Amino acid sequence: MNKLWKCYAQCVKGKRHQEKNMLCQDRVAYQQKGNRQAIVLIDGIGSTDRNIIAGERVAEYIAGFFLDQFEEIMTGNEAEIKFQLMRQVRRIIEALTIEYKCSEQEFGSTVMAVCICHDSKQYCGIHLGDGIITYKDSVLHVMSYALNGLDAKQTCLTISETAMNKMKLFRGNIGDTTQYILMSDGMYSYPVHRQELERIIDSMKGEGMIAAKEDDRSIIGLACEENSV
């Protein structure tokens, strides 16, 4: 069995949610199955703490989807993969609207995910809405920027009609990559500088604590390290 990569993550509640006595609306998930590992980051936009219920359920579903359907995702039709994924995400949200008798607006979020397979040396992932996905070989690269660009007030969510079309799907070989990192939009500032991203990632890997700012801040990554378990 190949050595698994180390997973590290943090979620920190922003000052706005501290003032409203709300929980951090970001949620991260990690799952492992055999020689596959999946990480997910959800950035919720609900006005109440009910949003984190959807965030947790959607994150766990997406992680499991990538682990169970890895071969199909790598070789299948992109539109069909995104349709299958979003259909179940919408079912999760619809069930919550019935359970809690409220609008789907309470359960919307952005989504990022990456899954790696050590047997095939391949990866796949998705990105919907805000946040940044990075990877590193000899240097740090941005795999995917936020869909909203510089406009933090406009994004695409799991409840958006255009979610399936705007979701980005990634597939490829791991090659010389040694880490994949998902960061919520609260983790960085515009314009995005590689040095800033590297400082954040190095601090996380050194088990440094993220400082609270206005927005919730979350990061989750997979790293190939000698002490991986």
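Keep in mind that this is a model prediction, so the values were computed, not measured. (Residues numbered from 1 in each chain as written. Predicted model: local features only at pLDDT ≥ 70, side-chain atom pairs only at ≥ 80, totals over all residues. Heavy atoms only, no water.)

Draft legend 1. Spotlight on the sheet that holds strand β1 (residues 6–12). Within the open sheet, the five strands sit side by side as β1-β10-β9-β6-β7. Their pairing is antiparallel. This sheet does not close on itself; its edge strands, each paired only once, are β1 and β7 (140–144). Direction aside, neighbouring strands of the sheet carry axes that sit 15° apart on average. Of the strand pairs in this sheet, strand β6 (residues 132–136) and β7 are connected by four bridges, and their pairing is antiparallel. Within β7, the residue paired with K136 across the bridge is L140. (Pairing = 2+ DSSP bridges. Helix = DSSP H or I, 4+ residues; strand = E, 2+ residues; numbered from the N terminus. Axes fitted to C-alpha atoms, helices over the stretch in contact; angles between N-to-C directions.)

Draft legend 2. Up close: unusual backbone geometry. Phi angles above zero are rare outside glycine, and K101 is one such case at about 55°. Mapping K101 onto the fold places it in the loop between α4 (78–100) and β4 (109–117). Residues other than glycine seldom take positive phi values, yet K121 does so here, at roughly 60°. Among the structural elements, K121 can be located in the loop between β4 and β5 (122–128). By relative accessible area, K121 is classed as partly exposed at 44%. (Buried < 20%, exposed > 50% of the residue type's maximum accessible area, 1.4 Å probe, protein only.)

Draft legend 3. Broad picture of the pattern of salt bridges. Counted by the stated rule, this structure contains six salt bridges. For E56, the salt bridge is made with R27, and the minimal N-O distance between the two is 3.0 Å. Of this pair, E56 sits in helix α2 (residues 51–68) while R27 sits in strand β2 (residues 26–33), and the two are 29 residues apart along the sequence. Accessibility expressed as a relative area gives 39% for E56, which makes it partly exposed. (Salt bridge = Lys/Arg side-chain N within 4 Å of Asp/Glu carboxyl O.)

Draft legend 4. Main features of the side chain of T158. Tracing the backbone through its elements, the reader meets T158 in the loop between β7 and α5 (163–166). In this structure T158 touches M86, V89, R90, I93, F107, G108, S109, V111, L128 and A163, once residues within four positions along its chain are discounted. (Contact = heavy atoms within 4.5 Å.)

Draft legend 5. The packing of aromatic side chains, seen in detail. Taken as a whole, this structure holds five aromatic pairs when the rule is applied. Each ring, one from W5 and one from Y180, has its centre 6.1 Å from the other, and the planes form 20°; the classification is stacked. In this pair, W5 is assigned in the segment before β1 and Y180 in strand β9 (residues 179–183), connecting sequence segments 175 residues apart. What makes W5 buried here is its relative accessible area of 8%. Measuring from centroid to centroid gives 5.4 Å for Y123 and Y180, while their planes differ by 40°, and the two rings are tilted. Taken together, the residues Y123 in strand β5 and Y180 in strand β9 connect sequence positions 57 residues apart. Grouping residues by exposure puts Y123 and Y180 together as buried. Among the aromatic residues, those joined into a cluster by ring pairs are W5, Y123 and Y180. (Phe/Tyr/Trp six-rings, centres within 6.5 Å; stacked < 30°, edge-to-face > 60°.)

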